[in-house]
Amino acid sequence: MRLVFAGTPAVAVPSLTALAERFELAAVITREDAPLGRKRVLTPSPVAEAAAGLGLAVIKANRLGDEVTRQVADLEPDLGVIVAYGGLVREPLLSTPRLGWVNLHFSLLPRWRGAAPVQRAVMAGDTETGAAVFQLVAALDAGDVFAQLRRPIPADATAGALLESLARDGAELLAETVSDIADGTAVAVPQTGDPVLAPKLTIDDAHLDLTLPVDEVFARLRGVTPEPGAWVLLDGERFKVHAARPADGLSLPPGVVAETHGRIEVGTGTTPLELITVQPAGKRAMAAADWWRGAGGSAVLS
């Protein structure tokens, strides 16, 4: 079984590693080096670095166009595998591998089709998520499903932690599915139910509406952690909230911050949210208690 693999972020690395242990990988496709950090240093993607460490050929491209299609055709792969590459596979590339492409997607399809399935599931207050391996088709995340796993969403889990766990478990599911495809025993079944879309998160999605009930505020905070990162406004500037949790204290007006028994709490539409780690504009992340002491005991967030 000769494969080409497409992926970019760290969550795709466990899948790359699992496949490299069991199959021939003709090449790895990943997005081009991107500027990172304050100095904007061009940095290879996590998948590019992992592929280099495994001694695999790497194709760097931000678009899966004609040139990538030509390179893949020259490799004559049996199957294409994609995990969080960050771009669409269209014809003729979709049909270039002999058996087409399969995709590892981190949701219970057809719920949460799109770029941010885990984040949207957490934000929506879902109690369960999972991963699915499906046949890639032209329509967004709409192909028949070969295999699926289900996992509960812990009440305090961030999207980042949940995605990391699903990436590990999903890698094994993907490798087993590719083995079944190689053996000719894999069976894919159509998706059932109404599709729900999971578009890419924007910075506006990370703005906490403190007039909502605390459970909804906390769900959104967890869903946008670590990226793009939850925030509110303080004196017209973004005030980041890196960690918080629902509190049992007396109600406060939405956005009003107060200290209660040593805890720094902010009011929501119901009970308060305890602030744990925050980051005022232009400053480093710090314990909420340290920020509060410097704030002079008075602040309103919005």
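Residues numbered from 1 in each chain as written. Predicted model: local features only at pLDDT ≥ 70, side-chain atom pairs only at ≥ 80, totals over all residues. Heavy atoms only, no water.

Colleague: Any details on the layout of surface pockets? Residues and values, ideally.
Modeller: Computed from the structure, the largest pocket encloses a volume of approximately 1,700 Å³. Lining the largest pocket are 47 residues, and of these Pro9, Ala84, Tyr85, Gly86 and Ala115 lie nearest its centre. Among the elements that take part in the lining of the largest pocket, helix H5 (residues 159–183) stands out by supplying 4 residues, more than any other. Along the lines of polarity and charge, the residues of the lining of the largest pocket split into 27 nonpolar, 12 polar and 8 charged. (1 Å grid on protein atoms, 1.4 Å probe; cavity = no way out; pocket = protein on both sides within 12 Å on 5 of 7 lines; lining within 4 Å. Points joined across faces, edges and corners; volume = space filled by probe spheres on them. Helix = DSSP H or I, 4+ residues; strand = E, 2+ residues; numbered from the N terminus. Nonpolar A, V, L, I, M, F, W, Y, C, P; charged D, E, K, R; others polar.)

Colleague: If you had to explain the sheet that holds strand S7 (residues 101–105) to someone new, which residues and values would you point to?
Modeller: Spatially, S5-S2-S1-S6-S7-S9-S10 is the arrangement adopted by the 7 strands of the open sheet, whose pairing is mixed. Each edge of the open sheet carries a strand with a single partner, namely strand S5 (58–60) and strand S10 (145–152). Pairs of neighbouring strands in the sheet enclose a mean axial angle of 15°, with direction left out of account. Across 3 bridges, the pairing between strand S2 (residues 24–30) and S5 is parallel. Each bridged residue has a counterpart across the sheet, and for Val28 the counterpart in S5 is Val58. Contacts from helix H2 (residues 46–53) reach strand S1 (2–7), S2 and S5 within the one sheet, and its direction differs from that of S2 by about 150°. (Pairing = 2+ DSSP bridges. Axes fitted to C-alpha atoms, helices over the stretch in contact; angles between N-to-C directions. Contact = heavy atoms within 4.5 Å.)

Colleague: Tell me about the pattern of salt bridges, and please be specific about residues and values.
Modeller: Counted by the stated rule, this structure contains 14 salt bridges. For the salt bridge of Arg120 with Asp205, the shortest nitrogen-to-oxygen distance reads 3.2 Å. You can see Arg120 sitting in helix H4 (residues 117–123) and its partner Asp205 sitting in the loop between strand S11 (196–197) and helix H6 (214–223), a full 85 residues away along the chain. When sorted by exposure, Arg120 lands in the same class as Asp205, which is buried. Where Arg151 meets Asp169, a salt bridge forms, and the shortest distance between an N and an O atom there is 3.1 Å. One end of the pair, Arg151, is in strand S10; the other, Asp169, is in helix H5, with 18 residues separating them in the sequence. The network of salt bridges with shared partners includes Glu67, Arg70 and Asp74. (Salt bridge = Lys/Arg side-chain N within 4 Å of Asp/Glu carboxyl O. Buried < 20%, exposed > 50% of the residue type's maximum accessible area, 1.4 Å probe, protein only.)

Colleague: An account of the side chain of Thr129 is requested, with residue identities and associated values reported.
Modeller: As for its placement among the helices and strands, Thr129 is situated in strand S9 (residues 128–135). The class for Thr129 is buried, based on a relative accessible area of 2%. Those residues in contact with Thr129, other than ones at most four positions away along the chain, are Phe106, Ser107, Leu108, Leu149, Arg150, Arg151, Ile153, Leu162 and Leu166.

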